[in-house]
Amino acid sequence: MQNIKETVAKIASLKEGDTETLVELDAMGLLIAPGERLPQYKERLTKIFNHLDAIYAELEEQKSVKLFDWVVLDKERQIPPEIMEEAEAINEEFYGFKIEWVPGFFLSKSLGFLWGGCAISMPEDNLSIFLIRANFAKQQKWLIYRRDELISHELCHIARMPLADHSLEEHFAYRSSPSGFRRYMGNCFQSPIDALLFIFPFFLLLAAQACQQFMHLTWLPIYPFWILAGSFPLFLMIRNQVVRNSFFKAKKKLEKIGIKNSQALLFRSIKPEIIEMAQTDDIQAYIDIKSQSELRWKIIAARLKK
């Protein structure tokens, strides 16, 4: 864990034009939000680290912290640095950030048989913590999950949270997965409503077949329910492919002008910007214009020089 008081002092001393410190904070996964100016950025980070300081102080004193009504963070169940480093290395390679300041804990009480882990956000303090299944304290794999992949996935969500770009969250979080299936299909489900709309037509199909079979409703046609059940999954896959096309087209253009870690640049971008980069004929001019008009892009350009 990085020294919180040192980080708070560094944030407090930030001044306009202090690109070096802003680059350092960006490398810590403290990304600047779209349109955010330096005073707002400093205020947001100060809230984060003040809350972190309070959490760690309570952990030292009480050995546990209760969040909401159902999450208890035990000091003895905090994820050790050597396990965190497994995920940090992945994110540093793919996206050029290394988060060491986010609290992570093994959760003793599972949230379900298939649950592997999740990030919990506290919007009022701009803070997130993440929880993973207790099984991972002693093993690297559990069912379909890998510990390093799961932690790096959640840290990606935490890093990109200020961007509020939900349409690409899962795309980037799954991008480093060793599973080709998860890399491709992960961003199909961009919100909870997507999962509900995916499942609901299948229940309708099942109900229609049950009515036909057991209530002898032979007049009830089944094919409309099959069409409905297949339509939304098809929509999800088409939407996912459209996003992927823009991502890879922009990535190719960035690499063509010599940007080595193009994924890191795209990670810090939002969907409209990625589409614009994919469509522009002069991507270098696009980056130059953006970096002159927005603090976030000034830091992106400074970090990812050719």
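Data block above holds the structure.
Residues numbered from 1 in each chain as written. Predicted model: local features only at pLDDT ≥ 70, side-chain atom pairs only at ≥ 80, totals over all residues. Heavy atoms only, no water.

**Some details on the overall build of the chain**
So, step 1. A tally of helices and strands in the chain yields 13 helices and seven strands.
So, step 2. In terms of overall dimensions, the chain has a C-alpha envelope of 75 × 60 × 30 Å along the principal axes.
So, step 3. Taking all 306 residues of the chain together, 45% fall into the buried category.
So, step 4. Accessible surface computed for the chain: about 16000 Å², of which carbon and sulfur atoms make up 58%.
So, step 5. Computed over 38 positive and 38 negative side-chain charges, the inter-centroid distance for the chain is 5 Å. (Helix = DSSP H or I, 4+ residues; strand = E, 2+ residues; numbered from the N terminus. Buried < 20%, exposed > 50% of the residue type's maximum accessible area, 1.4 Å probe, protein only. Areas by Shrake-Rupley, 256 points an atom, 1.4 Å probe, with all protein chains shown as cover. Lys, Arg positive; Asp, Glu negative; His and termini not counted. Charge placed at Lys NZ, Arg CZ, Asp CG, Glu CD.)

**A word on unusual backbone geometry**
So, step 1. One non-glycine residue, Ala164, lies in positive phi territory at about 50°.
So, step 2. Counting through the fold element by element, Ala164 comes out in the loop between helix H5 (147-160) and helix H6 (169-174).
So, step 3. For Ala164, a relative accessible area of 53% corresponds to the exposed category.

**Remarks on the packing of helix H11 (residues 271-279) against helix H12 (residues 283-293)**
So, step 1. Put simply, H11 and H12 touch, their axes get as near as 9 Å, and they point 145° apart. At the point where H11 passes H12, the crossing takes the right-handed sense. Counted together, Glu273, Glu276 and Met277 of H11 and Ile283, Tyr286 and Lys290 of H12 form the full contact between these two elements. (Axes fitted to C-alpha atoms, helices over the stretch in contact; angles between N-to-C directions. Left-handed = near helix turned anticlockwise from the far one by under 90°. Contact = heavy atoms within 4.5 Å.)

**A closer look at the pattern of salt bridges**
So, step 1. Summed over the entire model, instances satisfying the criterion amount to 15 salt bridges.
So, step 2. Notably, a salt bridge pairs Glu36 with Arg44, separated by 2.8 Å at the nearest N-O pair. For the pair formed by Glu36 and Arg44, the shared burial category is buried.
So, step 3. Where Lys75 meets Glu60, a salt bridge forms, and the shortest distance between an N and an O atom there is 2.8 Å. Residue Lys75 is located in the loop between strand S2 (71-74) and helix H4 (81-95), and its partner Glu60 is located in helix H3 (residues 38-62); the two are separated by 15 residues in the primary sequence.
So, step 4. Note on Lys75: relative accessible area 30%, which makes it partly exposed.
So, step 5. What makes Glu60 partly exposed here is its relative accessible area of 48%.
So, step 6. Because the salt bridges share partners, they merge into one network encompassing Glu273, Lys290, Glu294 and Arg296. (Salt bridge = Lys/Arg side-chain N within 4 Å of Asp/Glu carboxyl O.)

**Considering the packing of aromatic side chains**
So, step 1. Within the structure shown, the criterion is met by 10 aromatic pairs.
So, step 2. Ring centres of Phe172 and Phe247 lie 5.7 Å apart, and the angle between their planes is 75°; on these two criteria the pair is classed as edge-to-face. Of the two residues, Phe172 sits in helix H6 while Phe247 sits in helix H9 (residues 223-256), which places them 75 residues apart along the sequence.
So, step 3. Directly above the aromatic system of Phe267 lies the positively charged group of Arg160, at a separation of 5.6 Å from the ring centroid. (Phe/Tyr/Trp six-rings, centres within 6.5 Å; stacked < 30°, edge-to-face > 60°. Lys NZ or Arg CZ within 6 Å of the ring centre and 35° of its normal.)

**A few points about a nonpolar patch on the surface**
So, step 1. On the surface, a nonpolar cluster with roughly 280 Å² of combined accessible area is contributed by Ile193, Leu196 and Leu197.
So, step 2. Its location among the elements puts Leu197 in helix H8 (residues 192-214). (Patch = residues over 30% accessible without salt bridge, like charges linked within 9 Å, V, L, I, M, F, W, Y side chains within 5 Å.)

**Details of helix H1 (residues 4-12)**
So, step 1. The complete set of buried residues in H1 reads Ile4, Thr7 and Ile11. The arc that holds the buried residues of H1, viewed along the axis, is 65°, so those residues lie on one side. Facing away from the buried side of H1 by over 90 degrees, the exposed positions are Lys5, Glu6 and Ala12.
So, step 2. Summarising the contacts, the buried residues of H1 are in contact with helix H2 (19-27) and H3. (Arc of directions from axis to C-beta.)

**Concerning the layout of surface pockets**
So, step 1. Approximately 1100 Å³ is the volume attributed to the largest pocket.
So, step 2. What lines the largest pocket is a set of 31 residues, among which His153, His157, Glu170, Tyr174 and Phe189 lie closest to the centre.
So, step 3. For the lining of the largest pocket, the secondary structure elements donating two or more residues are strand S4 (117-122), strand S7 (145-146), H5, H6 and helix H7 (180-185).
So, step 4. The element that contributes the greatest number of residues to the lining of the largest pocket is H5, accounting for seven residues.
So, step 5. Taken together, the residues of the lining of the largest pocket sort by class into 13 nonpolar, 10 polar and eight charged. (1 Å grid on protein atoms, 1.4 Å probe; cavity = no way out; pocket = protein on both sides within 12 Å on 5 of 7 lines; lining within 4 Å. Points joined across faces, edges and corners; volume = space filled by probe spheres on them. Nonpolar A, V, L, I, M, F, W, Y, C, P; charged D, E, K, R; others polar.)

**Focus on the packing of H2 against helix H13 (residues 295-303)**
So, step 1. At a minimum axis distance of 10 Å, the contact between H2 and H13 shows a crossing angle of 85°. For the element pair H2 / H13, the angle class is roughly perpendicular. Every residue of H13 that contacts H2 at Thr19, Leu22, Val23, Asp26 and Ala27 is listed here: Leu295, Lys298, Ile299, Ala302 and Arg303.
So, step 2. The class makeup of the residues in the contact of H2 with H13 is six nonpolar, one polar and three charged. (Parallel < 35°, antiparallel > 145°, perpendicular 65-115°, else oblique.)

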